[in-house]
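Below are the chains, spelled out letter by letter.
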Amino acid sequence: AVLAIGIVLFSFPEVRAVGTSVLASAGILSLVAGLAAQSTLGNLVAGVQLVFSNAIRVGDVVVVEGEFGTIGEITLSYVVVYVWDERRLILPCTYFTSQPFEIWTRNSSDIIGTVFLDVDWRVPLAELRSKFLSIVQSSDLWDGRKAGVIVTDATGGYVTVRCTVSASDSDKIWTLRCQVREELVTWIQKEHPDALPVTRVLMPKG
């Protein structure tokens, strides 16, 4: 309508200046409107892309912006992530089409977790491995897929032991990791206190 009025006015010499002003204003308004709608349209397109590509789904466990949470809502303009501490992280759909993010449940919710322990070189590895397996096998959180202990480093006066466990979802793996860590630390304190990490200092004689 604005363009039509401008063209009509432009056809009369007396008001050609007015018509020119109206056309210029229409061009500026169109440019401003296009810039303002660019992010909105981009979000809409990203929302449709998320829906049809199945890149993320409600219930998926993700890590975004350094936060661990679950996809709670997906709309055509934004995605709501339920953070583990009951906060809500609201992100535009374009975030998930333009930024890298972690997803832990792409094909299934099964997941593997690790527990690292720094202990003294005197730690009895065979007994530690046996104790670890007894802890895991007695836990209802373990899914039976993976459990193992391996030494990943031995420098700086410490031995780094990696305990690997598996569970059926992220909540269970978190609890299982905490359980394994706590029970192994307690076991070392009670049964092998000499295996606790220490700092050695050599004193010169005389």
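These numbers were taken from a predicted model, which means no experiment stands behind them.

So, on to the pattern of salt bridges. Inspection of every chain in the model, using the stated rule, returns five salt bridges. With a shortest N-O distance of 3.0 Å, E67 and R87 are connected by a salt bridge. Of this pair, E67 sits in strand β2 (residues 67-74) while R87 sits in the loop between β3 (78-83) and β4 (88-92), placing them 20 residues apart in sequence. On the accessibility criterion, E67 (22% relative accessible area) is partly exposed. On the basis of relative accessible area, R87 is assigned to the partly exposed category, the value being 40%.

Where helix α4 (residues 125-137) contacts helix α5 (residues 170-191), the two axes come as close as 10 Å, and the packing angle between them is 140°. Comparing their axes, α5 and α4 come out oblique. The element α4 and its partner α5 pack so that their crossing is right-handed. Mapping the contact onto sequence places E127, L128, K131, F132, I135 and V136 in α4 and Q179, V180, E183, L184, W187 and I188 in α5. For the contact of α4 with α5, a count of residues per class yields eight nonpolar, one polar and three charged.

It is worth spelling out unusual backbone geometry at this point. One non-glycine residue, E65, lies in positive phi territory at about 55°. Its place among the elements puts E65 in the loop between β1 (61-64) and β2. Positive phi, normally seen in glycine, also occurs at E86, with a value near 75°. Tracing the chain through its elements places E86 in the loop between β3 and β4.

Now for the sheet that holds β2. Taken together, the five strands give an open sheet; going across it, the order is β4-β3-β2-β1-β5, and neighbouring strands pair in antiparallel fashion. Here the strands that pair on one side only, and so sit at the sheet edges, are β4 and β5 (102-103). Where β1 meets β2, four bridges bridge the pair, whose relative direction is antiparallel. Looking at the pairing, V63 lines up with F68 of β2.

Grouped together as the largest cluster of nonpolar side chains are 22 residues, with contacts concentrated most on F132, V180 and L184. If you list the elements that add at least two residues to this core, you get β6 (111-119), α4, β8 (159-167) and α5. A per-element tally of this core places α5 first, with six residues. Leaving out residues up to four positions away in the same chain, V180 has contacts with V115, F132, I135, V136 and V165. Ranked by size, the runner-up nonpolar core spans twelve residues in total, among them L50, I56, V62 and Y95.

Rules used in this analysis
- Residues numbered from 1 in each chain as written.
- Predicted model: local features only at pLDDT ≥ 70, side-chain atom pairs only at ≥ 80, totals over all residues.
- Heavy atoms only, no water.
- Salt bridge = Lys/Arg side-chain N within 4 Å of Asp/Glu carboxyl O.
- Helix = DSSP H or I, 4+ residues; strand = E, 2+ residues; numbered from the N terminus.
- Buried < 20%, exposed > 50% of the residue type's maximum accessible area, 1.4 Å probe, protein only.
- Axes fitted to C-alpha atoms, helices over the stretch in contact; angles between N-to-C directions.
- Parallel < 35°, antiparallel > 145°, perpendicular 65-115°, else oblique.
- Left-handed = near helix turned anticlockwise from the far one by under 90°.
- Contact = heavy atoms within 4.5 Å.
- Nonpolar A, V, L, I, M, F, W, Y, C, P; charged D, E, K, R; others polar.
- Pairing = 2+ DSSP bridges.
- Core = buried A, V, L, I, M, F, W, Y, C linked by side-chain atoms within 4.5 Å.

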